[in-house]
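Here is how the chains run, residue by residue.
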Amino acid sequence: HVQLVESGGGLVQPGGSLRLSCAASGSIFSINAMGWYRQAPGKQRELVAAITSGGSTNYVDSVKGRFTISRDNAKNTVYLQMNSLKPEETAVYYCNVDVRLRVGVREDYWGQGTQVTVSS
């Protein structure tokens, strides 16, 4: 069994910064890709950023240059540094982790979600 625990959300003014964290624990053989998604009220969940086990990253165009995804493999943790936040980025942010449970067995896990509210 694998658990993901997210932290770091909250209320921030436009132009402000937040850092999200997501720590995975449990029966983990190794972790492949890790990513952050967000879902605003009335909208579909969208991929914000992802990082491979080798450290390659990709971002949705709207956050390029402002958000940075990183990971600490020793801690099975993924981070999302968000700068210059905009009100339209208010959403619940979810981490997603592709876990290898044992050789040949992979499973996808989601965090519980953390609210990010950008408002003055």
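To start, this report covers the structure provided alongside it.

## Some remarks on the environment of Thr77
Next, step 1: Relative to the helices and strands, Thr77 resides in strand β8 (residues 77–82).
Next, step 2: Along the chain, Thr77 and Cys22 lie 55 residues apart, while their C-alpha atoms are 5.4 Å from each other.
Next, step 3: Each residue touching Thr77, except ones within four places of it in the same chain, is listed here: Cys22, Ala23, Met34, Ser70, Arg71 and Asp72.
Next, step 4: Engagement of the side chain of Thr77 in a polar contact is seen with the backbone oxygen of Lys75, the distance being 2.9 Å.

## Let's talk about the pattern of salt bridges
Next, step 1: Counting across every chain of the model gives five salt bridges.
Next, step 2: Linking Arg66 and Glu89 is a salt bridge whose minimum nitrogen-to-oxygen distance equals 2.5 Å. Of the two residues, Arg66 sits in the loop between β6 (57–59) and β7 (67–72) while Glu89 sits in the loop between β8 and β9 (91–102), which places them 23 residues apart along the sequence. Both residues of the pair, Arg66 and Glu89, count as buried.
Next, step 3: With a shortest N-O distance of 2.2 Å, Asp98 and Arg106 are connected by a salt bridge.

Here is what the cut-offs are and how they apply
- Residues numbered from 1 in each chain as written.
- Predicted model: local features only at pLDDT ≥ 70, side-chain atom pairs only at ≥ 80, totals over all residues.
- Heavy atoms only, no water.
- Helix = DSSP H or I, 4+ residues; strand = E, 2+ residues; numbered from the N terminus.
- Contact = heavy atoms within 4.5 Å.
- Polar contact = N/O pair within 3.5 Å; in protein donor to acceptor, adjacent residues only side chain to side chain.
- Salt bridge = Lys/Arg side-chain N within 4 Å of Asp/Glu carboxyl O.
- Buried < 20%, exposed > 50% of the residue type's maximum accessible area, 1.4 Å probe, protein only.

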